[in-house]
Amino acid sequence: MFKSNKISLIIRGIVFAALGIVCFCFPLSTMEIFAKVAGIVIILTGLVFFCLQYKASLRSLETLGLSASVLLTALGILIIIHPEIIAILLGTFILFEGIDFCLSTIKYYRAGAKGWWLILVLGLVAVGFGTWSIFVPEITAATLSILFGIAFLGIGGACFTALTGLNLVEDYFEAARKALLDKEEYVETEVVK
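Residues numbered from 1 in each chain as written. Predicted model: local features only at pLDDT ≥ 70, side-chain atom pairs only at ≥ 80, totals over all residues. Heavy atoms only, no water.

### Comments concerning the nonpolar core
A general feature of soluble globular proteins is that nonpolar side chains tend to end up buried together. M31, A35, A38, I79, I85, I86, A141 and L144 together form the largest nonpolar core, which totals eight residues. Secondary structure elements with two or more residues in this core: α2 (27-60), α4 (85-111) and α6 (137-192). It is α2 that provides the largest number of residues to this core, a total of three residues. (Core = buried A, V, L, I, M, F, W, Y, C linked by side-chain atoms within 4.5 Å. Buried < 20%, exposed > 50% of the residue type's maximum accessible area, 1.4 Å probe, protein only. Helix = DSSP H or I, 4+ residues; strand = E, 2+ residues; numbered from the N terminus.)

### A look at the pattern of salt bridges
Evaluation of the coordinates by the stated rule reveals one salt bridge. In this structure, R177 and E174 form a salt bridge, with 2.6 Å as the shortest nitrogen-oxygen distance. Of this pair, R177 and E174 are both found in helix α6, three residues apart, which corresponds to roughly one turn of the helix. By relative accessible area, which is 43% here, R177 ends up partly exposed. (Salt bridge = Lys/Arg side-chain N within 4 Å of Asp/Glu carboxyl O.)

### With respect to the environment of T143
Assignment of secondary structure puts T143 in helix α6. Separated by 120 residues in the primary sequence, T143 and C23 place their C-alpha atoms 9.8 Å from one another.

### Examining the confidence of the model for the chain
Looking at the chain, the pLDDT average stands at 78 and 88% of residues meet or exceed 70. For the chain, α6 is the element with the lowest average pLDDT, namely 75, and helix α5 (residues 116-135) is the one with the highest, namely 86. (pLDDT = per-residue confidence, 0-100.)

### Some words on the packing of aromatic side chains
Within the structure shown, the criterion is met by four aromatic pairs. Between F129 and W132, the aromatic rings sit 5.4 Å apart at their centres with planes inclined by 55 degrees, giving tilted as the arrangement. Highlighted residues: F129 and W132, both in helix α5, separated by three residues, approximately one helical turn. A residue is classified by how much of its surface remains accessible, and W132, at 32% relative accessible area, is partly exposed. Ring geometry for Y172 versus F173: centroids 6.0 Å apart, planes at 50 degrees, classification tilted. Note on F173: relative accessible area 38%, which makes it partly exposed. (Phe/Tyr/Trp six-rings, centres within 6.5 Å; stacked < 30°, edge-to-face > 60°.)

### Looking at helix α1 (residues 3-25)
Over its 23 residues, α1 runs 33 Å from end to end, which matches the ideal 33 Å to within 8%, given 1.5 Å per residue. Buried residues of α1: K6, L9, G13, A17, G20 and C23, and no others. (Expected span 1.5 Å × (residues − 1).)

### Comments concerning the packing of α4 against α5
Interaxial distance between α4 and α5 falls to 7 Å at its minimum, and their mutual angle equals 160 degrees. Taken together, α4 and α5 sit at an angle that is classed as roughly antiparallel. Once α4 is placed against α5, the crossing between them reads as left-handed. In terms of residue class, the contact of α4 with α5 is made up of 17 nonpolar, eight polar and no charged. (Axes fitted to C-alpha atoms, helices over the stretch in contact; angles between N-to-C directions. Parallel < 35°, antiparallel > 145°, perpendicular 65-115°, else oblique. Left-handed = near helix turned anticlockwise from the far one by under 90°. Nonpolar A, V, L, I, M, F, W, Y, C, P; charged D, E, K, R; others polar.)

Here's what the structure looks like:
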């Protein structure tokens with residue numbers, strides 16, 4: 001009854017579990033591949049953006065969009081050449097978010113918010129992790145790969161759990177179908193009498 005859904009869940013479960021194992025066994029290689037794929041996607045995005053902005057800039061003489069698309073393409077090329085930069089970029093983003101949280105606690109403290117100290121602590125953790133990511137990108141890349149591995153294994157496990165649930169649903173439908181058939185036979189025998 002749910003044959004195609006079962007096959008899909010089995011294939012997805014195996015693929016995601018395999019990806020999770022690969023992420024655990026080869027963390028740095030996995031992040032290099034991920035960075036190269038991300039670099040290619042960024043380059044393609046930059047090129048498409050450039051083509052769209054080129055037509056618009058010819059009409060309006062505005063070059064900001066063209067500059068942004070060129071920078072995006074250059075960033076993609078840089079990520080492909082130096083995959084460790086993806087960890088540095090992520091670390092920079094986390095660092096600035098952490099600084100923003102730390103500065104925001106001043107407003108929360110002045111407003112009398114009770115959880116201001118928790119925001120400060122989390123902001124300091126983000127600043128620490130961001131700084132660590134910038135200065136030790138290899139370890140950050142391996143850590144990210146392991147986190148991806150955990151996520152992929154979780155998705156694979158969820159697929160196999162869904163397969164079990166689908167089997168239960170199929171058993172329920174089969175039991176309901178048999179009960180309806182039995183009821184129809186009972187009604188037919190009552191009518192014959």
